Amino acid sequence: MSPTPTGRLVGDDLVLTRTFRAPIADVWASLTDPARTARWFGPWQGDAAPGSTIKVQMVHEEGKPWMDMIIDACEPPRRLAVSSVDEHGSWHLDMVLVESAGVTELRFTQHLTGTEGEGEVGPGWEFYLDALVASRDGQPAPNFDDYYPAMKEHFEAQ
């Protein structure tokens with residue numbers, strides 16, 4: 001059974017949320033600590049400061065490529081914004097955390113330069129964010145084949 005897509009387009013923003021029964025500092029560490037990001041997205045190297053460029057390895061992609069990402073904003077433990085430009089386009093990502101009563105919500109936003117490609121991008125972020133959930137729960141990573149092309153229509157219909 002395929003997972004249910006949760007992402008939605010809000011203007012030119014692709015927005016996805018995940019909720020964790022955990023303090024904000026612990027969820028922040030899952031987004032910023034290289035040993036923890038390696039569990040769901042990939043490790044990173046470099047000087048983690050606003051304006052700096054870090055190298056991030058995408059371990060679930062073919063060839064496990066490394067890519068440069070610029071840290072646009074880092075406001076621990078509430079907001080991390082990064083961007084990159086590569087052969088697939090521009091990536092402007094914003095992650096905002098809010099905690100209430102021991103529950104932390106992650107609002108993940110990709111600022112799109114248009115809606116072309118959302119049928120591929122949306123399922124990819126659903127996969128990665130579910131991989132984040134699985135890594136925090138000690139579960140195996142999901143299978144990308146359960147996300148794409150099954151979720152493509154959900155995103156293209158928006």
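Counting from 1, residues in each chain are numbered in the order their sequence is written. Thresholds applied to this predicted model are a pLDDT of at least 70 for local features of residues and 80 or more for the giving and counting of side-chain atom pairs; totals over whole chains, interfaces and linings are not thresholded and use all residues. Side-chain metrics rest on all non-hydrogen atoms present in the structure, leaving aside hydrogens and water.

Asker: How would you explain the pattern of salt bridges if you had to name every residue and give the values?
Answerer: Pairing is possible between side chains that carry opposite charge, provided their charged atoms lie close to one another. Any Lys or Arg side-chain nitrogen found within 4 Å of a carboxyl oxygen on Asp or Glu counts as a salt bridge. With the rule as written, the count across this model stands at nine salt bridges. Its salt-bridge partner being Asp 26, residue Arg 136 comes within 2.7 Å of it at the nearest N-O pair. Within this pair, whereas Arg 136 is found in helix H3 (residues 118–137), its partner Asp 26 is found in helix H1 (residues 24–32), the two being separated by 110 residues in sequence. For Arg 136, a relative accessible area of 22% puts it in the partly exposed group. We note a salt bridge from Glu 156 to Lys 152, for which the minimum N-O separation is 3.9 Å. Counting from the N terminus, the helices are DSSP H or I runs at least four residues long and the strands are E runs at least two residues long. Partly exposed describes any residue whose relative accessible area lies between the buried limit of under 20% and the exposed limit of over 50%, with all areas from a 1.4 Å probe on protein chains only and scaled to the type maximum.

Asker: Summarise the sheet that holds strand E1 (residues 8–10); cite the residues concerned and give the values.
Answerer: Criterion used throughout: strands pair if DSSP finds at least two bridges between them. Taken together, eight strands build an open sheet; the order of strands is E1-E2-E8-E7-E6-E5-E4-E3 and the sheet is antiparallel. Strand pairing shows two members of the sheet lacking a second neighbour, E1 and strand E3 (44–45), which therefore form its edges. Bridge count between strand E4 (residues 53–57) and strand E5 (residues 66–75): five bridges; the pairing is antiparallel. By the bridge assignment for E5, Gln 57 is matched with Trp 66. Sheet strands touched by H1: strand E2 (13–20), E3, E5, strand E6 (79–86), strand E7 (89–100) and strand E8 (103–111). Its angle to E7, the strand with the most contacts, is close to 165°. Between two residues, a contact is recorded if the distance between any of their heavy atoms is within 4.5 Å. A fitted line through C-alpha atoms serves as each axis, taken over the contacting stretch for helices, and the angle formed by two N-to-C directions is quoted from 0 to 180°.

Asker: Give a description of the packing of aromatic side chains that names residues and reports values.
Answerer: Ring pairs are drawn from Phe, Tyr and Trp, using the six-membered ring of Trp, whenever the two centres fall within 6.5 Å, and their geometry is named by plane angle: stacked under 30 degrees, edge-to-face over 60, tilted for the rest. Inspection of every chain in the model, using the stated rule, returns ten aromatic pairs. For the ring pair Phe 41 and Tyr 128, a centre distance of 4.7 Å and an interplane angle of 50° mean the geometry is tilted. Here Phe 41 is found in the loop between helix H2 (34–37) and E3, whereas its partner Tyr 128 is found in helix H3, with 87 residues between them in sequence. Overall, Phe 41 belongs to the buried group, its relative accessible area being 11%. Given a relative accessible area of 5%, Tyr 128 falls into the buried group. Residues Phe 144 and Tyr 148 carry aromatic rings whose centres are separated by 6.1 Å and whose planes lie at 15° to one another, so their mutual orientation is stacked. Cluster of aromatic residues (ring-pair linked, three or more members): Trp 40, Phe 41, Trp 91, Phe 108, Trp 125, Phe 127, Tyr 128, Phe 144, Tyr 147 and Tyr 148.

Asker: Break down the side chain of Asp 94 for me, citing the residues and quoting the values.
Answerer: Checked against the element boundaries, Asp 94 lands in strand E7. Setting aside residues up to four positions removed in sequence, Asp 94 forms contacts with Arg 79, Leu 80, Ala 81, Arg 107, Phe 108, Thr 109 and His 111.

Asker: Go over unusual backbone geometry, please, and point to the residues and values.
Answerer: Look at the link from Pro 76 to Pro 77: it is a cis peptide, with omega at -10°. By secondary structure assignment, the location of Pro 77 is in the loop between E5 and E6. At the junction of Tyr 148 and Pro 149, the peptide bond is cis and its omega measures out at 15° in the coordinates. Structurally, Pro 149 is set in the loop between H3 and helix H4 (152–156).

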